[in-house]
Amino acid sequence: MKIQLTILSLLFGLMTFAQTTIKGKTISKDGTPLYGVDIHVNNARMASSDFTGEFSIEYNGSYPVEMKFTYYEFITLSKTLFTPTDGKNLLVQMIKEKVTDLTQEVVSASRSVEKKIETPVTIETFSEKKIKNGASANFYDELVNVKETQLNTTNFINKSLNTRGFGQSVNTRFLQLADGAESTIPVFNASMGNLLGVNQLDIESVEILPGASSALYGANAFNGIMFMNSISPFKKSGVSAYYKHGYTNQELAGNNDFNDLGARIAAKLSEKVALKLNLSYFQGTDWMANDYTDNSSVTREGLSTTQFFNGVNIYGDEIARNSNAAGGVVSRTGYTDIELNDGKLENFNGDFSFHFKPTEDAEIILKQKMALATTALTSSDSRIALKDLLVLQTSLAFTTKNLTFRSYYTANDAGDSYDMIRTAINVNKAAKNNPNWYNDFNASLAFLRRNNPTFEDEQLLLMAREFANYSTVEGFTGNLPTSSGGVPRFDFGTEEFETAFNDVISDTDLTTGSKLIDKSHTIQSDVNYNFQDIIKFAEIQLGGTYKNYVLDSEGTVFNDADRDINYNTFGAYGQIQKKLFDERLKLSGSIRYDKLTDLDGSFSPRLSVNYTIGKERRQNLRASFQTGFRNPTSQDLYNGANYGFITLVGSAKDNLENYSNEILYRDRNVFGTDQKTVNITGDYIYNSSFTLGSVQNFLDVFDANNNPQAAIDLLEIEKIEAVKSEKVESIELGYRAKVGKFSFDFNGYYNKYTDFIYTKKVITPYFIETNVTPELGGIGAALLGQRFLTHQVYTNANVPVETAGAGVGIEVSLRKFHINGAYNYTKLFDYNEEVDSDFVPQFNTPEHYAKLTFGSEKLFGNFGFNTKVRWNSEYEWVSPFASDTITSELVLDAQFSYGIPAIKSLIKVGANNLFGEEYIQVIGSGKLGQSYFVSLTYNP
């Protein structure tokens, strides 16, 4: 009997160790096969399911067997197989994770994983699901529907994201990161939409922190910060792709097709190695700009627009000089935006990454990104035609459970880009230089007035302008003076114009050309360590950043024609967090120190408390106090752009020391006929310039024969302080709750800004002579003889600026339908204008902003829809380039979708600004019309 039992035991042992086959199929709740499910046997990955969801594993081990099935966005499933029979024809049904808006995990608020409801500050999120159900032509446009966000559109590519006021067309106050790396383009010190971001097929999540975040993220996280996180190829492998075709409709540009296509290819080669490739390409026609309202920064009372006019989207008319014949200032004839910009739009984005896991919780990522763009950009100072702008970013990251280290190199090349204002000015000069043009205008006006006394002034001004432009007056048979020189104006569309235009945009000498050269780059390294496994009484993190800027524009953007510009910034921070009272109370404190070359360092602390209430912990109260700061940009520090009618001079100490502009001139009234030479230095500009307002007052009232000293006494010489870091103190209160099917988020805040960075225009005379008689103008003698230059300088306001705001967001799911609503109130308080009369805050934000989303992912069968409507109140847009009122607008977007589970695809038909009027978001850019599209997305 013992022998029989022994034999049976041996046979059973042989059976349990014999090779067996474990086979089965993975499906979702609705029976759809799941491709790429990772299947683990006794904690070792053995296989992945195929396109039909099936898998087969040859197993040589003993029983029982522990099986684990993992799939992106699905709940991990475990099964125990007790005998080989249990492993035959397995049907594994996996359930998708159900994550609510408030229970989803986020990282950005505290640099550590926590549920959204527990974060110490306001945070907004945007998921892959919301991208799938979006109604916009591209996913980045969908961000406008997130609570607290404002999107300022200058073109199809550059959508400038902002929160809580002071929006800009190129926003240096808001920081964007993609997988932890800044997507900042060196020449702009800002991001350009999603140009260095994440492919829409590769988005895992988007997190937005409205308001100052300098305590953890440094200087540029001043108005807020956005994190775009991509999907790891270890989580999701395979091929995804999309194609979108549509057209835009704009009154100026007409109907124009666009095409948008992209792909994500990810391969998990083993448990340790994975690869990922993302590609996208967009081609279309941009929104064209035709704002021809007057954009003069100085009031010209009583002057005819025939004599003086400076249109927003007319360039070249910025050149203006005083005319004795006309009795005031006369501007040159300009060219329109659409004559200098073909409206072509192209954008290519690509990235390739290599992922290696040396251990289970460590990963090394080597990534290369590339972006290429052609579009028109409204900057704060000009309109730029970006032609083949190239941006490259190479990054290396090493992450573990507690350590994050990242270093990356970002470079740009301006390609064939050019400045439209300079283009117009120099095309004009190529036909007839400014002295000759003004001589012709003055001589012809005086001649015509003398010989045609019956003509009205308006007719005489038109005839004088035509003569200055063409050296003749069409249809006029009377006598005309002889032209001073040059050739007739190059009219748009003529061969002469095309030749001159092409010559100018390929010329880097800014006195004759407009081509921009910029090959600037930055090198940045970041490190963060969480001591949670070493220190137990609280969670402590330490980290730091170093960034080096190398500016290289050969004098076309920065003051670097004959020198290299190199500066850096570094920062270090620490944070401590502690949970108390059954982890209901969470206390957080952090502090950061940052230092930029030649500027004083800045400390930015943050203190916060939040408390979870209720038995089910579905309600949370939060409060925080934090300070933030914003360093001056590269343009603020090292600008040297000369437009002919104005020169921009940055205020960095070494920039002022290296800036000089040598000028030859004569002033017969003061110096006789001798030719004089003056060297306008940076220090002279910042210490010896007149305020713009006082010059206007002086010129308006000066009368050599009637108390000229009274006018001279109006002149003010202002010593401009060099720009320094801007600071903000912010207090915020908030409440989040999940009540039944409703999610709520309320918040309110108050901000106080000091040393607000801004630009101002000053008038720099060639000379200031205290011994000149009042009859000749005294210290203003140079102004009367037009012996002065206009400069834009960079400084800080002497008056504090205060803002406050509140917001509410509500989300609810009712059966098949989902509803999201948001309202934001943002207020700029009055400030003391008498303290700093030149300062005008560029708030650029509506006081009221409301948004509503209503839709259903599966209305019936596989059909779905989504509608989004948003409304903003009227507000003022202020910038050095152009200022005006942005009207109240109501915008409706809608889409209908149809899912095709058999091929893992989704068809979508959408429309943006449906039934609406054309509207504008940035003064000086094109109006936004309607866009319509149909798309097909394959995303298993």
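Per an unreviewed UniProt entry, the protein chain goes by TonB-dependent receptor plug domain-containing protein and derives from Flavivirga aquatica. UniProt, in the comment section headed Sequence similarities (unreviewed entry), describes the protein chain in these words: "Belongs to the TonB-dependent receptor family." The Subcellular location (unreviewed entry) comment attached to the protein chain in UniProt states, word for word, "Cell outer membrane".

## A word on the overall build of the protein chain
Helix and strand counts for the protein chain come out as 15 helices and 52 strands. Across its three principal axes, the protein chain shows a C-alpha extent of roughly 135 × 60 × 50 Å. Within the protein chain, the fraction of its 940 residues that count as buried is 55%. Long-range contacts, defined here as pairs at least 24 residues apart, represent 64% of the contacts in the protein chain between residues at least 6 apart. Of the accessible surface of the protein chain, which amounts to about 39,800 Å², a share of 55% is contributed by carbon and sulfur atoms. Separation between the mean location of the 86 positive side-chain charges and that of the 110 negative ones in the protein chain comes to 11 Å.

## A few points about a nonpolar patch on the surface
Residues Phe-860, Phe-863, Tyr-898, Ile-907, Val-909, Val-934 and Leu-936 make up a contiguous nonpolar surface patch of about 590 Å² in total accessible area. Listing elements by their share of the nonpolar patch, those giving two or more residues are strand E51 (905-912) and strand E52 (930-938). Note that Val-909 resides in strand E51.

## Considering the side chain of Arg-870
Within the fold, Arg-870 resides in strand E47 (residues 863-872). A polar atom in the side chain of Arg-870 sits 3.0 Å from the side chain of Asp-893. When residues no more than four places from it in sequence are discounted, the contact partners of Arg-870 are Val-144, Asn-145, Tyr-849, Ala-850, Lys-851, Glu-889, Leu-890, Val-891, Asp-893 and Tyr-919.

## Comments concerning the sheet that holds strand E1 (residues 20-27)
Spatial strand order, E4-E1-E7: 3 strands in an open sheet with mixed pairing. A strand with exactly one partner marks an edge of an open sheet, and here the two such strands are strand E4 (54-59) and strand E7 (90-93). Taking each pair of neighbouring strands and ignoring which way they run, the sheet shows an average axis angle of 30 degrees. Note that E1 and E4 share 6 bridges and pair antiparallel. Of the residues in E4, the one forming a bridge with Gly-24 is Phe-55.

## Some thoughts on the environment of Gly-924
Within the element layout of this structure, Gly-924 appears in the loop between E51 and E52. C-alpha of Gly-924 to C-alpha of Ala-289: the two residues are 635 residues apart in sequence and 6.7 Å apart in space. With sequence-adjacent residues up to four places away left out, Gly-924 is seen in contact with Ala-289, Val-312, Asn-313, Thr-378, Arg-383 and Phe-881.

## Observations concerning helix H8 (residues 495-505)
Every buried residue of H8 is accounted for by Phe-497, Ala-500, Phe-501, Val-504 and Ile-505. When H8 is viewed along its axis, its buried side chains cluster within an angular range of 120 degrees and face the same direction. Against the buried residues of H8 lie strand E23 (335-336), helix H4 (337-340), strand E28 (418-419) and helix H5 (420-431).

## A closer look at the sheet that holds strand E35 (residues 647-649)
Strand order in this open sheet of 5 strands is E35-E43-E42-E38-E39, and the pairing throughout is mixed. Strand pairing shows two members of the sheet lacking a second neighbour, E35 and strand E39 (717-718), which therefore form its edges. Both strand E42 (residues 757-765) and strand E43 (residues 788-796) contribute to a ladder of 9 bridges, which runs antiparallel. Looking at E43, one finds that Lys-760 is bridged to Val-793.

## Some details on the packing of helix H6 (residues 434-451) against helix H7 (residues 457-470)
Put simply, H6 and H7 touch, their axes get as near as 8 Å, and they point 140 degrees apart. As the angle between them shows, H6 and H7 are arranged oblique. Two packed elements cross with a definite hand, and for H6 against H7 that hand is right-handed. Listed contacts from H7 to Trp-437, Asp-440, Phe-441, Ser-444, Leu-445, Leu-448 and Arg-449 of H6 are Asp-457, Leu-460, Leu-461, Met-463, Ala-464, Arg-465, Phe-467, Ala-468 and Asn-469. Partitioned by chemical class, the residues of the contact of H6 with H7 number 10 nonpolar, 2 polar and 4 charged.

## A closer look at the packing of H5 against H8
How two helices sit against one another is set out by the angle between their axes and by the gap between those axes. Axis separation between H5 and H8 bottoms out at 9 Å; the angle between their running directions is 125 degrees. In terms of axis orientation, H5 runs oblique to H8. Like other packed secondary-structure pairs, H5 and H8 cross with a definite hand, here right-handed. On H8, the residues touching Arg-422, Thr-423, Asn-426 and Val-427 of H5 are Phe-497, Ala-500, Phe-501, Val-504 and Ile-505. Its residues assigned to classes, the contact of H5 with H8 comprises 6 nonpolar, 2 polar and 1 charged.

## Section: the confidence of the model for the protein chain
Averaged over every residue, the pLDDT of the protein chain is 90; residues scoring 70 or more account for 94%. Taken together, the stretch residues 1-16 has pLDDT below 50 and engages in 3 contacts with residues farther than four places along the chain or on a different chain.

## Comments concerning the packing of aromatic side chains
Considering all chains together, one arrives at 37 aromatic pairs under this definition. With a centroid separation of 6.1 Å and 45 degrees between ring planes, the pair formed by Phe-156 and Phe-258 is classed as tilted. Placement of Phe-156 in the loop between strand E11 (149-153) and strand E12 (159-163) and of Phe-258 in strand E18 (residues 254-268) is noted, with a sequence separation of 102 residues between them. Look at Phe-156 and you get buried, because its relative accessible area is 9%. Among the residues examined, Phe-258 registers a relative accessible area of 1% and is labelled buried. Connected via pairs of aromatic rings, a cluster forms that spans Phe-166, Phe-222, Tyr-753, Phe-756, Tyr-758, Tyr-831, Phe-839 and Phe-843. The ring of Tyr-749 is capped by Arg-164, whose NZ or CZ atom sits 4.2 Å from the centre of that ring. In this arrangement the basic side chain of Arg-489 is found over the ring face of Tyr-335, its NZ or CZ atom lying 4.0 Å from the centre.

## Overview of unusual backbone geometry
The omega torsion of the bond from Tyr-63 to Pro-64 falls at 5 degrees, within 30 degrees of zero and hence cis. Of note, Pro-64 is situated in the loop between E4 and strand E5 (65-70). A positive phi is found at Glu-583, a non-glycine position, where the angle reads about 60 degrees. Inspection of the secondary structure puts Glu-583 in the loop between strand E31 (565-580) and strand E32 (585-596). Looking at Glu-583, the relative accessible area reads 53%, which means it is exposed.

## Quick word on the pairing of strand E27 (residues 403-413)
Where strand E26 (residues 383-399) lies against E27, 10 bridges are found, and the strand directions are antiparallel. Each bridged residue has a counterpart across the sheet, and for Leu-396 the counterpart in E27 is Ser-407. Where E26 hands over to E27, the hairpin turn is made up of 3 residues, counted between the paired strands. With 9 bridges connecting them, E27 and strand E29 (residues 521-530) associate as antiparallel partners.

## Comments concerning the nonpolar core
Ranked by size, the top nonpolar core spans 105 residues in total, and within it Phe-188, Leu-195 and Phe-441 carry the most contacts. Three or more residues apiece are contributed to this core by two domains, here domain 2 (314-339 + 422-506) and domain 3 (636-722 + 764-789). Contact partners of Leu-195, with chain neighbours within four places excluded, come to Ile-157, Ile-185, Asn-347, Asn-349, Ala-371, Ala-373, Leu-389 and Val-391. Formed by 19 residues, the second largest nonpolar core is a distinct cluster that contains Leu-34, Tyr-59, Tyr-63 and Leu-81.

## Points about H5
Taking 1.5 Å of rise per residue, the 12 residues of H5 would be expected to cover 16 Å, and the 17 Å separating its terminal C-alpha atoms lies within 8% of that figure. Burial runs high along H5: 10 of the 12 residues are buried. When H5 is considered as a whole, its buried residues turn out to be Met-420, Ile-421, Arg-422, Thr-423, Ala-424, Ile-425, Asn-426, Val-427, Asn-428 and Ala-431. The backbone nitrogen of Ile-421 lies 2.9 Å from a side-chain oxygen of the residue at the head of H5, namely Asp-419.

Rules used throughout
Residues numbered from 1 in each chain as written. Predicted model: local features only at pLDDT ≥ 70, side-chain atom pairs only at ≥ 80, totals over all residues. Heavy atoms only, no water. UniProt positions renumbered as here; feature names shortened; annotations may be inferred. Helix = DSSP H or I, 4+ residues; strand = E, 2+ residues; numbered from the N terminus. Buried < 20%, exposed > 50% of the residue type's maximum accessible area, 1.4 Å probe, protein only. Contact = heavy atoms within 4.5 Å. Areas by Shrake-Rupley, 256 points an atom, 1.4 Å probe, with all protein chains shown as cover. Lys, Arg positive; Asp, Glu negative; His and termini not counted. Charge placed at Lys NZ, Arg CZ, Asp CG, Glu CD. Patch = residues over 30% accessible without salt bridge, like charges linked within 9 Å, V, L, I, M, F, W, Y side chains within 5 Å. Salt bridge = Lys/Arg side-chain N within 4 Å of Asp/Glu carboxyl O. Polar contact = N/O pair within 3.5 Å; in protein donor to acceptor, adjacent residues only side chain to side chain. Pairing = 2+ DSSP bridges. Axes fitted to C-alpha atoms, helices over the stretch in contact; angles between N-to-C directions. Arc of directions from axis to C-beta. Parallel < 35°, antiparallel > 145°, perpendicular 65-115°, else oblique. Left-handed = near helix turned anticlockwise from the far one by under 90°. Nonpolar A, V, L, I, M, F, W, Y, C, P; charged D, E, K, R; others polar. pLDDT = per-residue confidence, 0-100. Phe/Tyr/Trp six-rings, centres within 6.5 Å; stacked < 30°, edge-to-face > 60°. Lys NZ or Arg CZ within 6 Å of the ring centre and 35° of its normal. Core = buried A, V, L, I, M, F, W, Y, C linked by side-chain atoms within 4.5 Å. Domains from an automatic or database assignment. Expected span 1.5 Å × (residues − 1).

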